[in-house]
Amino acid sequence: MKVVIKNGRVIDPSQGIDGVCDLAIEDGKIKEVKSEKSRGKSQKHENNRGTKEIDASGKLVLPGLVDLHVHLREPGYEYKETIRTGTTAAVRGGITSVCCMPNTNPVNDNSSVTEFILKKAASEGACRVFPIGAITKGQKGEELAEMSIMYEAGCVAFSDDGRPVMDSLMMRRAMEYSRILKVPLISHCEDLALSAGGVMHEGLLSVTLGLKGIPPQAEEVMVARDIALAELTGGRLHIAHVSTEGSVALIRSAKKRGMADVTAETCPHYFSITEEAVGNYDANAKVNPPLRSRKDAEAIKQGLHDGTIDVIATDHAPHHRDEKLGEFDFAPSGISGLETSLGLSMRLVDEGVLTYSGLVEKMALKPSGIIGIDRGTLRPGAEADVVVVDCSREYRVDAGEFLSKGKNTPFGGWTLSAKPVLTISLGRIHEWE
Ligand code: DOR
């Protein structure tokens, strides 16, 4: 099938493109990006019969987004999310590739689980799914998982996300494997002794609310440790969900020392809201690491601006409504993020933190590079993963309309302006009002 997306503002940092162009797609691949000038020249020779034309005037045309950090919950927690519902929600959010975390039941710590996920994704997924294998068996931190076998089965990275690897020797060995396999270790940085019992950011507000706090240092001591271990091993380290000013400073200084194999991500909730969102004991604002102070959020934005933070990922963590309705202390941590990620991140462009091109780099091109896939680009020959975004109409976030089973968002009722109106994923065109 031939498709042409006409007159949109095409943003593709992989080719240095930012301008009004026509994007031609043929047989599921990008054929070419034609600028206004070259369009003028070739128009009369074209035969458009059999071509689906999409008018994207006044809209942005971007490579489909690549999300390094998603909890799809299948196998085992299908009441929270499934591969089908999670990938459908991703596509609604303009995301065409998701990397799924291994904290399922059973844990993705062996090739049978990896193969199960890939098979399910092939038959039911609305977008591409790239599994992340566990670093340790059962994510217990006691014994390394069979990383090479899981890599052969299709894992693109390794992580015990949801839990840190507390044993530094274990982490050292895992990094040595990551160097050999040339895949990143995605580190959930949390010192469990420092965070024990904590449910929100430690500060005046946690004291006022009578909730146990988690100090920023619970994250930062592990960021420092993992950077030291990456230095020792030459392994590839990707730091997940960066939430604090101190972590940004540590990563910045590692990069300044030339540690090119250290990369980092943050999530929209760490630069869009602060601990204040916990306000009335709203468990939809309970997430791990916790929402931090205004100063931390500003430092995260600075880190995105100056390139310290490479990637914006969702850490999409859907939970059942009933689980979030209980007492704050006992509610599970996590935010359903796939359907608000682009709208929230686009605010960074309005604020001058990132350019459109910079945003696409963080949400598509860099994450692809980190896991070594040829996505996040509109280069001729690449998979036709595309999202068309309307930035001209404001809309209200309504969790009831999420396609994800997880309605747990602290952004309900927010007004956003960047809305994906068309996503092309796996050769299918999804269009919304
Ligand atoms: O808030 C979180 N939820 N942080 C994590 O690290 C894990 C995740 C989950 O699996 O729910």
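Up top you'll find the structure we're talking about.
A short tour of the structure in this document, coming up. (Residues numbered from 1 in each chain as written. Predicted model: local features only at pLDDT ≥ 70, side-chain atom pairs only at ≥ 80, totals over all residues. Heavy atoms only, no water.)

**Re the packing of aromatic side chains**
Then, number 1: For the structure on display, the rule yields one aromatic pair.
Then, number 2: For the ring pair Phe411 and Trp414, a centre distance of 4.9 Å and an interplane angle of 90 degrees mean the geometry is edge-to-face.
Then, number 3: On the basis of relative accessibility, which here comes to 23%, the residue Trp414 falls in the partly exposed class.
Then, number 4: Cation over ring: Lys286 sits above Phe328, and NZ or CZ is 5.6 Å from the ring centre.
Then, number 5: One Lys or Arg, Lys419, reaches over the ring of Tyr395 and ends 4.6 Å from the middle of that ring. (Phe/Tyr/Trp six-rings, centres within 6.5 Å; stacked < 30°, edge-to-face > 60°. Buried < 20%, exposed > 50% of the residue type's maximum accessible area, 1.4 Å probe, protein only. Lys NZ or Arg CZ within 6 Å of the ring centre and 35° of its normal.)

**Here we look at unusual backbone geometry**
Then, number 1: The residue after Glu74, namely Pro75, is reached through a cis peptide bond having omega 10 degrees.
Then, number 2: Relative to the elements of secondary structure, Pro75 occurs in the loop between strand E6 (65-70) and helix H2 (83-92).
Then, number 3: In this model, Asn288 is joined to Pro289 through a cis peptide bond whose omega is 0 degrees.
Then, number 4: Within the secondary structure layout, Pro289 lies in the loop between helix H10 (268-272) and helix H11 (294-305).
Then, number 5: A positive phi is found at Asp27, a non-glycine position, where the angle reads about 50 degrees.
Then, number 6: Locating Asp27 in the fold gives a position in the loop between strand E2 (17-26) and strand E3 (29-35).
Then, number 7: For Asp27, a relative accessible area of 59% gives the class exposed.
Then, number 8: Despite not being glycine, Gln139 shows a phi value in the positive range, around 55 degrees. (Helix = DSSP H or I, 4+ residues; strand = E, 2+ residues; numbered from the N terminus.)

**Structural notes on the pattern of salt bridges**
Then, number 1: Tallying each qualifying case throughout the model produces 23 salt bridges.
Then, number 2: For Glu124, the salt bridge goes to Arg84, with nearest N and O atoms at 4.0 Å. Taken together, the positions of Glu124 in helix H3 (residues 111-124) and Arg84 in helix H2 put the pair 40 residues apart, joining distant regions of the chain.
Then, number 3: The residue Glu176 makes a salt bridge to Arg172 at a minimum N-O spacing of 3.0 Å. One end of the pair is Glu176 and the other is Arg172, both in helix H5 (residues 168-181) and four residues apart, which spans about a single turn.
Then, number 4: On the accessibility criterion, Arg172 (29% relative accessible area) is partly exposed.
Then, number 5: A single salt-bridge network, built from bridges that share partners, covers Glu74, Arg84, Lys120 and Glu124. (Salt bridge = Lys/Arg side-chain N within 4 Å of Asp/Glu carboxyl O.)

**So, the site of the ligand**
Then, number 1: Taken together, 14 residues form the shell around the ligand, and within it Arg73, Asn103, Asn288, His319 and Ser333 come nearest.
Then, number 2: In isolation the ligand has 290 Å² of accessible area, and contact with the protein removes 92% of it.
Then, number 3: Split by residue class, the shell around the ligand holds two nonpolar, nine polar and three charged. (Near = heavy atom within 4 Å. Areas by Shrake-Rupley, 256 points an atom, 1.4 Å probe, with all protein chains shown as cover. Nonpolar A, V, L, I, M, F, W, Y, C, P; charged D, E, K, R; others polar.)

**Brief notes about the sheet that holds E6**
Then, number 1: Reading across from one edge, E6-E7-E8-E9-E10-E13-E14-E15 is the order of the eight strands in this open sheet, with parallel pairing throughout. In this open sheet, the two edge strands, each paired with only one partner strand, are E6 and strand E15 (311-312).
Then, number 2: Along the sheet face, helix H8 (residues 217-233) touches strand E10 (185-187), strand E13 (237-239) and strand E14 (262-266) and points at about 165 degrees away from the line of E13. (Pairing = 2+ DSSP bridges. Contact = heavy atoms within 4.5 Å. Axes fitted to C-alpha atoms, helices over the stretch in contact; angles between N-to-C directions.)

**Description of H8**
Then, number 1: If you check H8, its first and last C-alpha atoms are 24 Å apart, about what 17 residues at 1.5 Å a residue would give, namely 24 Å.
Then, number 2: Residues Ala218, Glu219, Glu220, Met222, Val223, Arg225, Asp226, Ile227, Leu229, Ala230 and Thr233 constitute the buried set of H8. (Expected span 1.5 Å × (residues − 1).)

**Re the packing of H2 against H3**
Then, number 1: Running from amino to carboxyl end, H2 crosses H3 at an angle of 60 degrees, the nearest separation of the two axes being 9 Å. Overall, the two elements H2 and H3 adopt an arrangement that is oblique. In this structure, H2 crosses over H3, and the sense of that crossing is right-handed. Where H2 abuts H3, its residues Ile83, Arg84 and Thr87 lie against Ile117, Lys120, Ala121 and Glu124.
Then, number 2: A breakdown of the residues in the contact of H2 with H3 according to their chemical character gives three nonpolar, one polar and three charged. (Parallel < 35°, antiparallel > 145°, perpendicular 65-115°, else oblique. Left-handed = near helix turned anticlockwise from the far one by under 90°.)

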